[in-house]
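Structural features, examined
Here are the chains, one letter per residue:
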Amino acid sequence: MFYEIIVLRKLARSLRPEEWPAPEFGRITMATWRPGRTSLARTARVATLYQPAGLMQRPAMILIDPKITHLPLDGEVWLGTELHTTDQGIAEIEQAWLVRPRSKEGQPLPPFDLQAWKAMNRKPIETDEDLVGKGWIKPDSRNRSRT
């Protein structure tokens, strides 16, 4: 499956929406990295964005131990780490991706509508039911038959 990815952090610093870079396009694969074969000293699940390069595919971005943290409108926010080279060696820094599905042949997606997502998150839930937790509605015991 093909995706557009917007990087939401740079050197572990959250970017403001106006600082977001242009989306990267490609195919995402998941793999397991084992110690000794990579620069990690532990086993990790890794998401890699591959981009077309002629007849081949080249790895463009890597996210280590990705976890889905938010589900905005037409995508997902993945939080994980990426490897960064420093004077002291290789360090893992926090990274976040906004991942949106897209067809290979399709046109680029419209820009992500951050205002619509914020408005959706601010809208109160309109229900007369008893809420058990955020977004969970308690089963209605009034409709059950009593014996």
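In short, a report on the structure. (Residues numbered from 1 in each chain as written. Predicted model: local features only at pLDDT ≥ 70, side-chain atom pairs only at ≥ 80, totals over all residues. Heavy atoms only, no water.)

What follows is about the pairing of strand E6 (residues 56-70). Summarising the sheet, strand E5 (residues 44-53) and E6 pair through 8 bridges and their orientation is antiparallel. Residue pairing for E6: Gln 51 is matched across the bridge by Arg 58. Hairpin connection between E5 and E6: a loop of 2 residues separates the two successive antiparallel strands, and Gly 54 in this loop has a positive phi of roughly 70°. As judged from the 4 bridges shared by E6 and strand E7 (residues 76-86), these two strands associate in the antiparallel manner. Residue pairing in the sheet places Ile 68 in a bridge with Trp 78 of E7. What sits between E6 and E7 in their antiparallel hairpin is a turn of 5 residues, with Leu 73 showing a positive phi close to 35°. (Pairing = 2+ DSSP bridges. Helix = DSSP H or I, 4+ residues; strand = E, 2+ residues; numbered from the N terminus.)

Taken in spatial order, the 6 strands of this closed barrel run E1-E4-E5-E6-E7-E8, and their pairing is antiparallel. Adjacent strand axes in the sheet meet at a mean angle of 50° when their direction is disregarded. In this structure, strand E1 (residues 2-7) lies alongside strand E4 (residues 24-33), joined through 4 bridges in antiparallel fashion. Looking at E4, one finds that Phe 2 is bridged to Arg 27. (Axes fitted to C-alpha atoms, helices over the stretch in contact; angles between N-to-C directions.)

Moving on, we get to the packing of aromatic side chains. Counting across every chain of the model gives 2 aromatic pairs. Ring geometry for Phe 2 versus Phe 25: centroids 5.6 Å apart, planes at 15°, classification stacked. Here Phe 2, found in strand E1, pairs with Phe 25, found in strand E4; they are 23 residues apart in sequence, far enough to count as distant. Here Phe 2 falls in the buried class, since its relative accessible area comes to 17%. A cation over a ring is seen here: Arg 102 above Phe 25, with NZ or CZ 3.9 Å from the ring centre. (Phe/Tyr/Trp six-rings, centres within 6.5 Å; stacked < 30°, edge-to-face > 60°. Buried < 20%, exposed > 50% of the residue type's maximum accessible area, 1.4 Å probe, protein only. Lys NZ or Arg CZ within 6 Å of the ring centre and 35° of its normal.)

Let's shift gears to the nonpolar core. In this structure, Tyr 3, Ile 5, Val 7, Ile 28, Ala 47, Leu 49, Met 61, Leu 63, Trp 78, Trp 97 and Val 99 together form the largest nonpolar core, which totals 11 residues. Here this core gets 3 residues from one element, more than from any other, and that element is E1. If sequence neighbours within four positions are ignored, Trp 78 has contacts with Ile 28, Met 30, Ala 47, Leu 63, Pro 66, Lys 67, Ile 68, Gln 95, Ala 96, Trp 97 and Val 99. (Core = buried A, V, L, I, M, F, W, Y, C linked by side-chain atoms within 4.5 Å. Contact = heavy atoms within 4.5 Å.)

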